[in-house]
Amino acid sequence: MSSTYVKALQFFQNSHISISNVVVTLSLVFVVSKLLKYRRDLQAVSHYPGFRVPFYPLGLPAVLLPTTWWNPGYYFLWRWRDNMYKRFGSETISLVPFLIGPPTFYTSNLDVARQVASSSGGRSFYKPETASRSILLWGMNLVAADGDVWRKHRRIMGPAFNNKLYELVWSETMKTYREMVSAEGWTDKNEIGVPAVQALTFKLALLIIGKCGFGFSFDWTEPAKTSDGKMSIQEALRIVADTHMIALFVPKWIQNLPFKKLRESREAQKELMAGSDGARRDNDAFTMLVQANEDEGGKFKLDDQELIGNVYIMLFAGHETTAHSIAATLGFLSLNPDIQEETYKHIISTVGHDRDPVRIRDYAKLDKVLAVFFEALRMFPSGHILIREAFEDTMLQIPNPPGEEGTTTIPVPKGVQVIVDMVGIRESDLLMIPDRIQPPVFRQAGGI
């Protein structure tokens, strides 16, 4: 028995303080501290109606627990979308955890969303870095940047996304589609079965981004290994896209352990960085981004890390969102054969059977096709939340419930976050669009 333990035991014996008394005292201190924090957090949201739960939904341990009546969890905005705001009679609610996490406002109101997300000057909200951590692995980028930093990145990124790049995306998409049809053996079939369309849309999106974003010469049938046994660039890009969260959240010493998935992740990152130097196109996004940066010069020029951050955000922010959006669109078309037939006839009437669509000539005419994609994005938003934080004490003008004119002014203290619920916005009474795919309604509402 150590001398420290003996002295501690003698102290408790001599002072007549029992272990149970210490435990009770510490428990009382804990409870009182949580009660005081809970009271402060309620004051921070002005006691605005909303959820009072144990944990913050976007933090630990809430994200590891299922969505239940006492724990909203990570997916509560989707699972409770039908009645969450109706329950409190407002499109803006508060969420105050009484154990772990900060007080927060959630809103599905477009007016409130504009107040916190507007890029105009004079606003009191910014993108907190904690909310952008998952997209900062490779460096600061346009998606994570805010204010003057955002304008600096936008100044460089804007010229890189031009008609030359759009033409490349258009032509490479058609080429890759033909490769897919041929490789999958669909050429002579009138009907095919696809158990999981995401397997195709993820690969399609990855190949297009690899070709047009990085200048790689990818092919639908390219094997995972090269002739000399090395990992192919195409396979490396896929693995990096699938495992970048490991590189973000897992400690370095764990990433270096000799497990297959970790080893593949390390090898993929190495091959992709080496392969990027060998890209040969002169009109891909990476090349044009570098050129735009060189042309800029001065204080607005991005450093190497910022350039890399912007290139890779195209992969991580573009890959999954594009793949899911295409999959959702195809899924909704399969469930709505009347809209599918209308869209098909529209394509044939615009393009015909005997030629390929031409972007400059046909894009603007294919408005029904665009409406279908927009409607699928409304039903399944690529980004389901938008997080903003007050960098100073400010106010929100919250519209009163339907039937009541005017707004209610709610103070928002510095540091309090407002989360825009993009899933809830699609349910908003202001949009008056049913919870089902209706591209004609979307077009009439000004979507195109």
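Residues numbered from 1 in each chain as written. Predicted model: local features only at pLDDT ≥ 70, side-chain atom pairs only at ≥ 80, totals over all residues. Heavy atoms only, no water.

S.K.: Explain the overall build of the chain to me, please; I cannot follow it from the model alone.
M.R.: Looking only at helices and strands, one finds 18 helices and eight strands in the chain. Taking all 448 residues of the chain together, the buried fraction comes to 40%. Put simply, 67% of the contacts in the chain that link residues at least 6 apart link residues at least 24 apart. Surface accessibility of the chain: about 25200 Å² in total, with carbon and sulfur atoms responsible for 59%. (Helix = DSSP H or I, 4+ residues; strand = E, 2+ residues; numbered from the N terminus. Buried < 20%, exposed > 50% of the residue type's maximum accessible area, 1.4 Å probe, protein only. Contact = heavy atoms within 4.5 Å. Areas by Shrake-Rupley, 256 points an atom, 1.4 Å probe, with all protein chains shown as cover.)

S.K.: Please explain the sheet that holds strand S8 (residues 417–421) as it appears in this structure.
M.R.: Strands in a sheet are paired, the pairing made by backbone hydrogen bonds, and the direction either parallel or antiparallel. The strand order across the open sheet built from six strands is S1-S2-S3-S8-S5-S4, with neighbouring strands paired in mixed fashion. With partners counted over all chains shown, the strands left at the sheet margins are strand S1 (50–55) and strand S4 (125–126), one partner each. Summarising the sheet, S4 and strand S5 (residues 385–390) pair through two bridges and their orientation is antiparallel. Residue Tyr126 lies in a different strand from S5, and its bridge partner there is Glu389. (Pairing = 2+ DSSP bridges.)

S.K.: Just checking my understanding: could you explain helix H2 (residues 19–44) for this structure?
M.R.: Count 3.6 residues to each turn of an α-helix, and residues three or four apart come out pointing the same way. With 26 residues, H2 extends 37 Å between its outermost C-alpha atoms, agreeing within 8% with the 38 Å of an ideal straight helix rising 1.5 Å per residue. Its buried side turned inward, H2 meets S1, strand S2 (92–100) and strand S7 (407–412). (Expected span 1.5 Å × (residues − 1).)

S.K.: Help me understand the packing of aromatic side chains in this model?
M.R.: Describing an aromatic ring pair means giving the distance of the ring centres and the angle of the ring planes. In this structure the tally under the stated criterion is twelve aromatic pairs. With a centroid separation of 5.1 Å and 85° between ring planes, the pair formed by Phe51 and Phe88 is classed as edge-to-face. In this pair, Phe51 is assigned in strand S1 and Phe88 in helix H4 (residues 84–88), connecting sequence segments 37 residues apart. When its relative accessible area of 23% is taken as the criterion, Phe88 is described as partly exposed. Put simply, the rings of Phe51, Phe76, Trp80, Phe88 and Tyr106 touch in pairs and so form one group of aromatic residues. Over the ring of Trp78 we find Arg81, and its NZ or CZ is 3.9 Å from the ring centre. (Phe/Tyr/Trp six-rings, centres within 6.5 Å; stacked < 30°, edge-to-face > 60°. Lys NZ or Arg CZ within 6 Å of the ring centre and 35° of its normal.)

S.K.: Please explain the packing of helix H6 (residues 147–160) against helix H12 (residues 285–296) as it appears in this structure.
M.R.: The relative placement of two packed helices comes down to the angle between their axes together with the axis-to-axis distance. Where H6 meets H12, the closest approach of the two axes is 8 Å, and the angle between their N-to-C directions is 130°. Taken together, H6 and H12 sit at an angle that is classed as oblique. The way H6 lies across H12 gives a crossing that is right-handed. Residues Arg155, Ile156, Met157, Pro159 and Ala160 of H6 form the contact with H12, whose participating residues are Ala285, Met288, Leu289, Ala292, Asn293 and Glu296. (Axes fitted to C-alpha atoms, helices over the stretch in contact; angles between N-to-C directions. Parallel < 35°, antiparallel > 145°, perpendicular 65-115°, else oblique. Left-handed = near helix turned anticlockwise from the far one by under 90°.)

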